[in-house]
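Results of the structural survey
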Amino acid sequence: MNEELKATDGLLDIGISIPLRPVRFRKWSMVPRVTMKRPPLGGLLRILRVYLELNVTPDELKKMSEEESRTFMARYGKEVAILVSLSVWSGFFSGKFARLLAWWLLWRCHPNVLFHAAMEFSDRIDSQSFTTIIRSYASQNLMRPNLSHEKKRS
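Reference entry: report on the structure contained in this document. (Residues numbered from 1 in each chain as written. Predicted model: local features only at pLDDT ≥ 70, side-chain atom pairs only at ≥ 80, totals over all residues. Heavy atoms only, no water.)

**Description of the pairing of strand 4 (residues 33–36)**
- Of the two faces of strand 4, the one lined by Val-34 and Met-36 is fully buried and the one lined by Arg-33 and Thr-35 carries no buried residue.
- Relative to strand 4, strand 1 (residues 16–19) is paired through four bridges, and the arrangement is antiparallel. Looking at the pairing, Ile-18 lines up with Val-34 of strand 4. (Buried < 20%, exposed > 50% of the residue type's maximum accessible area, 1.4 Å probe, protein only. Helix = DSSP H or I, 4+ residues; strand = E, 2+ residues; numbered from the N terminus. Pairing = 2+ DSSP bridges.)

What follows is the structure in structure tokens.
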């Protein structure tokens, strides 16, 4: 169990990378990316304040259809962008500039990507979902030969 928690912490620390719209200048083009990582406690409290303003649970976010997610983003798009930006910049000083990043995300990120990033982040805050994945992979021994390789050893 201790190894599973260490692996979970490692997966949460890597983060979720979000692609943004490309920045083009003449022949030069660059696709910027931001990475949402696990925030410290102060950043988590900032995120939870914004998340509680949405009045929605993670299960409701998962059950939303495409049309419902569009209306949700039309109504709460700024809050979702602030939620994502606080998960990118979650430090003590950098969290003060999260609204600037939220404004940039609103203009450079597709609304569906923002919606799914917020949904993934709400899932990833709880490390319990990672432990079930790690437990299922631990049951499979990747070093064991496949069924066809038992006889041939090739």
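The rest of the description comes next.
**Focus: the layout of surface pockets**
- When its volume is computed, the largest pocket comes out at roughly 210 Å³.
- The wall of the largest pocket is formed by Arg-46, Arg-49, Val-50, Glu-53, Glu-79, Ile-82, Leu-86, Gly-95, Ala-98 and Arg-99.
- Contributions of two or more residues to the lining of the largest pocket are made by helix 2 (41–53), helix 4 (66–88) and helix 5 (98–108).
- Take the lining of the largest pocket: its biggest share by element is four residues, from helix 2. (1 Å grid on protein atoms, 1.4 Å probe; cavity = no way out; pocket = protein on both sides within 12 Å on 5 of 7 lines; lining within 4 Å. Points joined across faces, edges and corners; volume = space filled by probe spheres on them.)

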